[in-house]
Amino acid sequence: MVRYHRYDAVIVGAGGAGLSAALHASGAGRVAVLSKLYPTRSHTGTAQGGIGAALGNMEEDHWEWHMYDTVKGSDYLADQDAVEILCREAIDAVYELERMGLPFDRTPDGRIAQRRFGGHTREYGKAPVMRSCYAADRTGHMILQTLYQQCIKREVQFFNEYLVLDVLIHDGQACGVVAWNIQQGGLEVFHSKAVLFATGGCGRIYKVTSNAVSLTGDGMAVVFRRGIPLEDMEFYQFHPTGIYKMGILLSEAARGEGGILRNGLGERFMERYAPTIKDLAPRDIVSRAIYLEIREGRGVHGRDYVHLDLTHLGREVLEKKLPDITEFVRTYLGLDPARDLIPIQPTAHYAMGGIPTDVHGRVVVDAQNTPLPGLYAAGEVACVSVHGANRLGTNSLVDIVVFGRRAGKHMARFVQETDWPPLPPNPTELAEHLIAHFLRGGGTESVSRIRDELQTVMMEDASVFRTEASLRHAWDVLRGLRERYCRSGIQDKGQVFNLDLVEALELGFLLDCAEALVASALFRTESRGAHYREDYPQRDDVNWLRHTLAFRQDDGTIRLDTKPVVITRFMPQERKY
Ligand SMILES: Cc1cc2nc3c(=O)[nH]c(=O)nc-3n(C[C@H](O)[C@H](O)[C@H](O)COP(=O)(O)OP(=O)(O)OC[C@H]3O[C@@H](n4cnc5c(N)ncnc54)[C@H](O)[C@@H]3O)c2cc1C
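Residues numbered from 1 in each chain as written. Predicted model: local features only at pLDDT ≥ 70, side-chain atom pairs only at ≥ 80, totals over all residues. Heavy atoms only, no water.

Participant: Got a minute to help me understand the site of the ligand in this structure?
Facilitator: In the region of the ligand, 39 residues are neighbours, and Ser42, His43, Thr44, Gly49 and Glu380 sit closest. In the environment of the ligand, an oxygen atom lies 3.3 Å from a nitrogen or oxygen atom belonging to the backbone of Thr394. Relative to its free-state accessible area of 1,000 Å², the ligand is covered by the protein chains to the extent of 98%. (Near = heavy atom within 4 Å. Polar contact = N/O pair within 3.5 Å; in protein donor to acceptor, adjacent residues only side chain to side chain. Areas by Shrake-Rupley, 256 points an atom, 1.4 Å probe, with all protein chains shown as cover.)

What follows is the structure, encoded as structure tokens:
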């Protein structure tokens, strides 16, 4: 028996983007948030370093400078109309969080304190600026708790531990989702006038990642399977400072507070790659520099890592401003950051690409930006695009609150003006098929083995450096894994808390995201931002100052298209730091 629910707006995902949207949609009708995790366990809660906004509390700053930095950081691929909104509205969004009670760190005179972060500068690139607003290195935790409390106050309904498997689209309009109830088993249909996806990223396609195990690209894959394109999937960010081999993140705030990267010779090598802002260069540049140092034999002890040096910061700064990462280093490495150098390597961190949207969070389905009525996306799952080919630190937290809020507001208007759309004839058909394969089918291929091979090939062939040969190899491996996935099975056939089933379904999502990423990376024959093709090392603005759109075809192949980049203020220039 399938259960049916009816809500004006259904939001999938309870991270910062989903909760911001829910809060701002809640005035207009009944709002439900579905989340596979308990809301405050969403990945937003792990964000450390801060949220960027040109408040100018510590020194002069302007949203135009923030915009310039974001566009330059994006290697000129971001849509500048969206970036302008991001940087202008960031200021009000931070004050709104403050008014809701978010306990930011303070200046001595009581204003929100700010610190430096990679790629954020004053006067169009002259020197680093203090722009990141923070609550120690637990900023995301505070944002998530604050927004969750506000949603409860506004009577948003939460359906926790629901795994959304399909989006319902009928007569060209979104009309709900189908979810698996993880606690009790069974499929449930949520009929609605509007649906928003805020399911976060897909970092688990890689072996070494900062992302939580739940970040399996579900929202991207669900809409991709329904013929909606994914934009700019080839741009996947590696954060320079993950704990060696584990990938656990050590926030860029560590370098914002003065931390330094050193190679095996003890040299501050970033001086050579970014003479002006050195260790605070954008992440694509720093990650590539680390790999180059290692390749040229200057890793520590000739191995594949370098050091993060925080020893000169002093115990007080470490304990007060970076307490969580200090603790991580003690717990996971048994080292003391006040005394010891920390072994780090780049770690898969953030998807710049995702579900294409306009600046109101509406999902757009083609190169002409035609919206699909009733369908929205915001946060890491979406591509609006404010990050282009490379995101600056602190700009994702801005993105989730600014565009989550805009999408929520638009949904509120939309559901008031729209009649109830009918459901399609057999709404659970696709989801039933997915579930039946594992609960009634009897394949023998192991889900965890396929996932492991997927993560390994993505790490080796489609990470910081790529070539046509490595990407073709990855593609062939992925096709083989998909074929094996069709023959995969699980032992547990139960309904209640069947986590084998959840993992098996998530693996299907990972495969979709990985295929979209590799196909898009093969397509783009240039190097830009986080996408570095060794066989095409130059940026090519003549042919590639365009976004990529990947469409899944009925036969499982991927069709690629492009759409233009919106340029309003800053013409592409050589990117020097
Ligand atoms: C360790 C770490 C530190 C970071 N630090 C910073 C920082 O300092 N500053 C910054 O700007 N950015 C930072 N980032 C990036 C930023 O935190 C994330 O990009 C952002 O929080 C994503 O928010 P979101 O709301 O889009 O998704 P998430 O917070 O990831 O939430 C996703 C939600 O979707 C739900 N969900 C997913 N799939 C399904 C499904 N199938 N069915 C139902 N629900 C589903 C989950 O339950 C969850 O509630 C950091 C990221 C990491 C990993």
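Participant: Is there a simple way to think about the nonpolar core in this case?
Facilitator: Nonpolar side chains in soluble globular proteins tend to be buried together. Counting residues in each nonpolar core, the largest one holds 86 residues, and the members touching the most others are Leu34, Leu165, Phe197 and Met458. In terms of residues, this core owes the most to one element, helix α15 (residues 499-523), which gives 16 residues. The residues touching Met458, leaving out its near neighbours within four places in the chain, are Ile205, Tyr206, Ser463, Leu478, Ala514, Leu517 and Val518. Membership of the second largest hydrophobic core comes to 62 residues, among which are Ala14, Leu19, Cys151 and Ala378. (Core = buried A, V, L, I, M, F, W, Y, C linked by side-chain atoms within 4.5 Å. Buried < 20%, exposed > 50% of the residue type's maximum accessible area, 1.4 Å probe, protein only. Helix = DSSP H or I, 4+ residues; strand = E, 2+ residues; numbered from the N terminus. Contact = heavy atoms within 4.5 Å.)

Participant: Any chance you could explain a nonpolar patch on the surface here in plain terms?
Facilitator: Together, Val496, Phe497 and Leu499 give the surface a local cluster of nonpolar side chains, amounting to about 290 Å² of exposed area. Take Leu499: it is sitting in helix α15. By relative accessible area, Leu499 is classed as partly exposed at 47%. (Patch = residues over 30% accessible without salt bridge, like charges linked within 9 Å, V, L, I, M, F, W, Y side chains within 5 Å. Salt bridge = Lys/Arg side-chain N within 4 Å of Asp/Glu carboxyl O.)

Participant: Can you help me understand the pattern of salt bridges in this one?
Facilitator: Any two side chains of opposite charge can pair if their charged atoms end up close together. Inspection of the entire model under this criterion finds 58 salt bridges. Between Glu84 and Arg88 there is a salt bridge, and its shortest N-O distance comes to 3.0 Å. Here Glu84 and its partner Arg88 are both found in helix α3 (residues 80-100), four residues apart, which amounts to about one turn of the helix. Exposure remark for Arg88: the relative accessible area of 44% places this residue in the partly exposed category.

Participant: Honestly, the sheet that holds strand β12 (residues 260-262) in this entry has me stumped. Any pointers?
Facilitator: Hydrogen bonds along the backbone pair up the strands of a sheet, which may run parallel or antiparallel. Spatial ordering of the open sheet is given by β11-β14-β13-β12, a layout of four strands whose pairing is antiparallel. A single partner strand is all that each edge strand has here, and the edge strands are β11 (236-243) and β12. Pairwise comparison of adjacent strand axes, ignoring direction, gives a mean angle of 45 degrees for this sheet. Two strands pair when backbone bridges link them, and β12 and strand β13 (residues 306-309) are joined in this way by three bridges, in the antiparallel orientation. If you follow Ile260 over to β13, its bridge partner there is Asp309. (Pairing = 2+ DSSP bridges. Axes fitted to C-alpha atoms, helices over the stretch in contact; angles between N-to-C directions.)

Participant: Is there a simple way to explain α3 in this structure?
Facilitator: Owing to its 3.6 residues per turn, the α-helix brings residues three or four apart onto one side. Along its 21 residues, α3 runs 29 Å from first to last C-alpha, staying within 8% of the 30 Å computed at 1.5 Å per residue. Considering bend angle alone, the principal kink of α3 is centred on Ala90 and spans about 40 degrees. Gly101 lies just past α3 and shows a positive phi near 115 degrees. (Expected span 1.5 Å × (residues − 1). Bend = angle between axes of the 7 residues up to and from the residue.)

Participant: How should I be thinking about the pairing of strand β4 (residues 114-122) in this particular structure?
Facilitator: On a regular strand, one side chain projects to one face of the sheet and the next to the other, so that they alternate. For β4, a buried count of seven out of nine residues is recorded, marking the element as mostly surrounded by other parts of the structure. Relative to strand β5 (residues 127-133), β4 runs antiparallel, the two being bridged by five bridges. Its bridge partner lying in β5, Thr121 is registered against Pro128. Connecting β4 to the next strand, β5, in antiparallel fashion are four residues, including Glu123 with a positive phi near 50 degrees.

Participant: Sorry if this is basic, but what is going on with the sheet that holds strand β24 (residues 558-564) here?
Facilitator: Ordered by their spatial adjacency, three strands build an open sheet running β10-β23-β24, and the pairing between neighbours is antiparallel. Because the sheet does not close on itself, it has two edges, and the strands there are β10 (230-231) and β24. Judged from the two bridges that link them, β10 and strand β23 (residues 546-552) form a sheet pairing that is antiparallel. The partner of Glu231 across the bridge, within β23, is Leu549. Sheet strands touched by α15: β10, β23 and β24. Its angle to β24, the strand with the most contacts, is close to 60 degrees.

Participant: What am I meant to see in the environment of Ala179 here?
Facilitator: Looking at the element boundaries, Ala179 is found in strand β8 (residues 173-181). Accessibility expressed as a relative area gives 0% for Ala179, which makes it buried. Sequence separation between Ala179 and Thr199 is 20 residues; the distance between their C-alpha atoms is 13 Å. Residues contacting Ala179, with those up to four places away along its chain left out, are Leu34, Tyr162, Leu163, Val164, Leu165, Gly186, Leu187, Glu188 and Phe190.

Any functional reading would require information that these geometric values do not contain.
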